[in-house]
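The residues making up each chain are set out below.
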Amino acid sequence: MAKGKAMEKPMLFQLIKAAFIGSAASLVLILILAAVMWKQLIGIEAIPVANAVIKVLSAALAGFAVQRHCQSKAWLYGAMAGLIYAGLAYTVFAIISGSFTLNAAMLSDALIGMLSGMISAMITRAIK
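Model, not experiment: these values are computed from the prediction.

**Q** Go over the overall build of the chain with me, naming the residues and quoting the values.
**A** Helix and strand counts for the chain come out as four helices and zero strands. Shown N-terminal to C-terminal, the secondary structure of the chain runs as helices and strands in the order α-α-α-α. Relative to its full complement of 128 residues, the chain shows a buried share of 29%. Excluding contacts between residues fewer than 6 apart, the proportion of contacts in the chain whose partners are at least 24 apart in sequence is 76%. Accessible surface, the chain as shown: approximately 8300 Å² in total, 75% of it carbon and sulfur.

Encoded structure:
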């Protein structure tokens, strides 16, 4: 049993690290979106679509990052990394907005994060 717990700690660290990698990607993509909007290349009506694309890409990056460190069940770890990313992103934006409410959009983001991370890990493993 001690061997199992010893193996869980590094993967937990890798999951958290992958979520932070996804969050850093979100930050970079949001800054790029802000710069594009500042130059008036796109209008504010593109924000919801861009926001969804940023979430999918960032969760997929989290799934990709974690699958490199797991021996098996990459799809599961990818889904968990995407979920942790979604939770981290929700927490950051909830702190900024000042409201922690559980709603359908948050649950949708969690599901999108899980699916994006899982699919990214599965595709990456299938290509190898």
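**Q** Now, about helix 4 (residues 104-127): what can you tell me, with residues and values included?
**A** Over its 24 residues, helix 4 runs 34 Å from end to end, which matches the ideal 34 Å to within 8%, given 1.5 Å per residue. Regarding helix 4, the residues found buried are Met106, Ala110, Gly113, Ser116, Gly117, Ser120, Ala121 and Thr124. The inward-facing, buried residues of helix 4 contact helix 2 (47-67) and helix 3 (74-97).

**Q** Tell me about the confidence of the model for the chain, and name the residues and values.
**A** Scored by pLDDT, the chain comes out at a mean of 89, with 93% of its residues at no less than 70. For the chain, helix 1 (residues 2-38) is the element with the lowest average pLDDT, namely 84, and helix 2 is the one with the highest, namely 94.

**Q** Can you explain the packing of helix 2 against helix 3? Please cite residues and give values.
**A** Look at helix 2 against helix 3: their axes get within 8 Å of each other, and the N-to-C directions meet at 135°. With respect to helix 3, the element helix 2 is oriented oblique. In this structure, the crossing between helix 2 and helix 3 has a hand that is right-handed. Within the contact between the two elements, helix 2 uses Ile54, Lys55, Ser58, Ala59, Ala62, Gly63, Val66 and Gln67 and helix 3 uses Ala74, Tyr77, Gly78, Ala81, Gly82 and Tyr85. Tallied by class, the residues present in the contact of helix 2 with helix 3 amount to eight nonpolar, five polar and one charged.

**Q** Describe the side chain of Ser120, with residues and values.
**A** Mapped onto the secondary structure, Ser120 falls in helix 4. Those residues in contact with Ser120 that sit more than four places away from it in its chain are Ala60, Gly63 and Phe64.

**Q** Can you explain the packing of helix 3 against helix 4? Please cite residues and give values.
**A** At a closest axis distance of 7 Å, the pairing of helix 3 and helix 4 adopts a crossing angle of 145°. Here helix 3 and helix 4 pass one another in a crossing that is right-handed. Contacts from Ala74, Trp75, Gly78, Ala79, Gly82, Leu83, Ala86 and Tyr90 in helix 3 reach Met106, Asp109, Ala110, Gly113, Met114, Gly117, Met118, Ala121, Met122 and Arg125 in helix 4. Here the residues of the contact of helix 3 with helix 4 are counted per class, giving 12 nonpolar, four polar and two charged.

**Q** Can you break down a nonpolar patch on the surface residue by residue, with the values?
**A** Judged by side-chain polarity, Leu111, Leu115, Ile119, Ile123 and Ile127 come together as a nonpolar surface patch covering roughly 490 Å² of accessible area. When its relative accessible area of 47% is taken as the criterion, Ile123 is described as partly exposed.

**Q** Report on the packing of aromatic side chains, specifying residues and quantitative values.
**A** Per the stated rule, a full pass over the model turns up one aromatic pair. A ring pair is formed by Tyr90 and Phe100, whose centres lie 6.5 Å apart and whose planes are at 80°; its orientation type is edge-to-face. Within this pair, whereas Tyr90 is found in helix 3, its partner Phe100 is found in the loop between helix 3 and helix 4, the two being separated by 10 residues in sequence. The class for Phe100 is exposed, based on a relative accessible area of 55%.

Thresholds applied
- Residues numbered from 1 in each chain as written.
- Predicted model: local features only at pLDDT ≥ 70, side-chain atom pairs only at ≥ 80, totals over all residues.
- Heavy atoms only, no water.
- Helix = DSSP H or I, 4+ residues; strand = E, 2+ residues; numbered from the N terminus.
- Buried < 20%, exposed > 50% of the residue type's maximum accessible area, 1.4 Å probe, protein only.
- Contact = heavy atoms within 4.5 Å.
- Areas by Shrake-Rupley, 256 points an atom, 1.4 Å probe, with all protein chains shown as cover.
- Expected span 1.5 Å × (residues − 1).
- pLDDT = per-residue confidence, 0-100.
- Axes fitted to C-alpha atoms, helices over the stretch in contact; angles between N-to-C directions.
- Parallel < 35°, antiparallel > 145°, perpendicular 65-115°, else oblique.
- Left-handed = near helix turned anticlockwise from the far one by under 90°.
- Nonpolar A, V, L, I, M, F, W, Y, C, P; charged D, E, K, R; others polar.
- Patch = residues over 30% accessible without salt bridge, like charges linked within 9 Å, V, L, I, M, F, W, Y side chains within 5 Å.
- Salt bridge = Lys/Arg side-chain N within 4 Å of Asp/Glu carboxyl O.
- Phe/Tyr/Trp six-rings, centres within 6.5 Å; stacked < 30°, edge-to-face > 60°.

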